[in-house]
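Residues per chain, in single letters:
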Amino acid sequence: MKNILVTGGAGFIGSNFVKYVLKNYDWNIVNYDKLTYAGNLENLSDVEKNQRYKFVKGDICDEKKVEFTVSENDVDTIVNFAAESHVDRSILGSREFVITNIVGTQVLLDVFKNNNLEKFLQVSTDEVYGSLPENQKELKFTENTPLNTSSPYSASKASADLLCNSYFHTHKLPVLITRCSNNYGPYQFPEKLIPLMLAKALNDENLPVYGDGKNIRDWLFVEDHCSGICTVLEKGKFGEVYNIGGNNEWFNIDIVKLILKLLGKPESLITFVKDRPGHDRRYAIDSSKIQNELGWKPANVFEDGISKTIKWYRENEQWWKKVMSGEYMKYYEQNYAHKIV
Ligand code: NAD
Ligand code: DAU
């Protein structure tokens with residue numbers, strides 16, 4: 001691998017991935033991103049002058065532009081992060097999710113096929129497996145767990161996975177899929193649980209917890225997701241799926257209380273609001289395949305990861321205050337106004 005096209009590299013995980021690769025590998029990166037509300041070039045300001053990095057503004061659904069970018073930059077590998085990624089937004093309206101997450105992936109796969117490239121890695125999610133029962137702790141998602149999606153977001157991601165799989169089987173393309181659990185860390189858009197709660201707490205505003213707060217998520221520090229993707233890129237077997245996770249399940253309410261404690265803010269800021277429709281109860285990843293077969297393991301324990309994340313949000317108020325103004329306010333109003341009970 002020499003030249004990687006990273007799609008969605010201006011978002012949360014993509015921008016962390018670009019920086020992780022530039023620091024730890026000698027690969028060249030072309031970051032291809034549409035710059036939706038979730039894409040932010042400020043995330044990459046410290047690498048924009050790096051000789052091995054280049055940014056191209058573009059939509060993954062624009063086949064001509066993707067094709068041109070691939071040939072102009074002698075791209076041999078595609079890593080697809082580009083997506084509409086927020087479940088609540090997919091409930092408010094699913095069209096963009098179908099277009100970007102499904103059609104966009106199909107476009108990338110076709111360009112990949114027509115140019116005989118070396119590797120295609122689809123960054124997928126554990127949400128494609130649906131929800132686990134909360135009272136059977138031994139049950140976790142393995143790569144063989146059937147797809148059983150709940151939200152338009154997860155349905156669109158599962159569709160993209162199936163398309164990737166079909167190009168592997170039918171066209172014999174060198175395709176890899178990773179499915180990771182919930183990420184947290186610097187540069188996460190404050191519509192997702194951890195950065196939203198941090199921003200609300202730092203502003204002394206109410207923290208909206210859905211339902212009874214007892215939904216469970218399995219949290220992984222974003223850099224560990226990046227190292228997992230690199231491991232799969234280097235050693236993964238084509239046509240295979242690799243789960244990535246850190247064995248780190250938390251009730252939402254406990255995460256929220258921990259954030260308040262670490263910030264020295266009162267629990268009275270917690271506000272229980274109406275539940276997310278179709279809300280998956282529990283996610284938990286079994287990552288033994290990537291650990292045993294490829295030798296990957298997470299490097300960050302949760303206590304360190306959450307401390308680094310809190311420190312970053314404290315020190316970068318300007319970043320999150322800016323992205324939480326304008327358009328974001330409209331979304332917040334639309335998503336939360338009817339939830340207040
Ligand atoms: P994000 O919303 O922060 O970033 C998405 C990026 O994709 C943005 O930069 C946006 O501008 C870009 N984008 C959107 N539509 C595009 C299009 N049509 N063409 C080109 N670029 C486009 O998302 P994230 O949280 O960084 O997630 C990245 C990927 O990882 C997604 O595919 C998501 O499904 C997957 N994932 C996320 C998590 C998580 O916890 N956040 C966990 C597992 C997997
Ligand atoms: O599991 C991987 C997935 O994790 C990724 O594929 C998605 O892109 C990513 O958004 C994330 O999905 P979730 O729905 O799990 O993440 P979110 O941060 O939106 O919510 C986490 C939990 O917190 C979930 O149970 C809903 C709850 N929640 C969320 C918000 C935004 C609240 O209680 N209040 C909130 O305001």
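Our subject is the structure listed above.
Residues numbered from 1 in each chain as written. Chains lettered and ligands numbered in written order. Predicted model: local features only at pLDDT ≥ 70, side-chain atom pairs only at ≥ 80, totals over all residues. Heavy atoms only, no water.

Colleague: Can you help me understand the site of ligand 1 in this one?
Modeller: The environment of ligand 1 is formed by 29 residues, the closest being Ile-13, Asp-33, Ser-85, Tyr-153 and Lys-157. Between ligand 1 and the protein, one listed contact pairs an oxygen atom with a backbone N or O atom of Thr-36 at 3.0 Å. For ligand 1, an oxygen atom lies 2.9 Å from a polar atom in the backbone of Asn-183. When ligand 1 sits alone it has 830 Å² of accessible area, and the protein chains cover 97% of it. Of all the secondary structure elements, the ones that give two or more residues to the shell around ligand 1 are helix H1 (12-24), strand S5 (119-125), helix H5 (152-171) and strand S7 (182-184). Here the element with the most residues in the shell around ligand 1 is S5; it accounts for three residues. Its residues placed into classes, the shell around ligand 1 shows 12 nonpolar, 12 polar and five charged. (Near = heavy atom within 4 Å. Polar contact = N/O pair within 3.5 Å; in protein donor to acceptor, adjacent residues only side chain to side chain. Areas by Shrake-Rupley, 256 points an atom, 1.4 Å probe, with all protein chains shown as cover. Helix = DSSP H or I, 4+ residues; strand = E, 2+ residues; numbered from the N terminus. Nonpolar A, V, L, I, M, F, W, Y, C, P; charged D, E, K, R; others polar.)

Colleague: Would you mind showing me how to read the sheet that holds strand S2 (residues 28-33) here?
Modeller: Strand order across the open sheet formed by seven strands is S3-S2-S1-S4-S5-S6-S10, with parallel pairing between neighbours. Edge positions in the sheet fall to strand S3 (53-57) and strand S10 (241-244), since each of these pairs with one other strand and no more. On average, each strand axis in the sheet is inclined to that of its neighbour by 20°, with strand direction left out of account. Relative to S10, strand S6 (residues 175-180) runs parallel, the two being bridged by four bridges. Residue pairing for S10: Thr-178 is matched across the bridge by Tyr-242. Across the sheet, helix H4 (residues 95-114) lies against strand S1 (3-7), strand S4 (77-80), S5 and S6, angled at about 165° from S5, the strand it touches most. (Pairing = 2+ DSSP bridges. Axes fitted to C-alpha atoms, helices over the stretch in contact; angles between N-to-C directions. Contact = heavy atoms within 4.5 Å.)

Colleague: I would appreciate a short explanation of the packing of aromatic side chains in the present structure.
Modeller: Scanning the entire structure with this criterion turns up 20 aromatic pairs. Ring centres of Tyr-187 and Trp-319 lie 6.0 Å apart, and the angle between their planes is 85°; this geometry places the pair in the edge-to-face category. In this pair, Tyr-187 is assigned in the loop between S7 and helix H6 (193-202) and Trp-319 in helix H11 (residues 317-323), connecting sequence segments 132 residues apart. As far as the burial class goes, Tyr-187 and Trp-319 line up, both buried. Grouped by ring-pair contacts, the aromatic residues Tyr-37, Phe-189, Tyr-210, Tyr-328, Tyr-331, Tyr-332 and Tyr-336 constitute a single cluster. (Phe/Tyr/Trp six-rings, centres within 6.5 Å; stacked < 30°, edge-to-face > 60°. Buried < 20%, exposed > 50% of the residue type's maximum accessible area, 1.4 Å probe, protein only.)

Colleague: Would you mind showing me how to read the site of ligand 2 here?
Modeller: Surrounding ligand 2, one finds 26 residues, the nearest of these being Asp-126, Glu-127, Tyr-153, Arg-276 and Tyr-336. Asn-182 is positioned with one of its side-chain polar atoms (N or O) 2.8 Å from an oxygen atom of ligand 2. For ligand 2, an oxygen atom lies 2.8 Å from a polar atom in the side chain of Asn-252. Taken by itself ligand 2 offers 700 Å² of open surface, and the protein chains cover 95% of this.

Colleague: Can you help me understand the packing of H4 against H5 in this one?
Modeller: For the pair H4 and H5, the least separation of the axes is 8 Å and the interaxial angle reads 15°. In terms of orientation, H4 and H5 fall into the roughly parallel class. Between H4 and H5 the crossing geometry is right-handed. Of the residues in H5, those touching H4 at Phe-97, Asn-101, Ile-102, Thr-105, Gln-106, Leu-109, Asp-110 and Lys-113 are Tyr-153, Ser-156, Lys-157, Ser-159, Ala-160, Leu-163, Cys-164, Tyr-167 and His-171. When grouped by side-chain class, the residues that make up the contact of H4 with H5 number eight nonpolar, six polar and three charged. (Parallel < 35°, antiparallel > 145°, perpendicular 65-115°, else oblique. Left-handed = near helix turned anticlockwise from the far one by under 90°.)

Colleague: In this structure, what is going on with the side chain of Thr-105? I would like to understand it.
Modeller: As for its position among the elements, Thr-105 is in helix H4. Judged by its relative accessible area of 1%, Thr-105 falls in the buried class.

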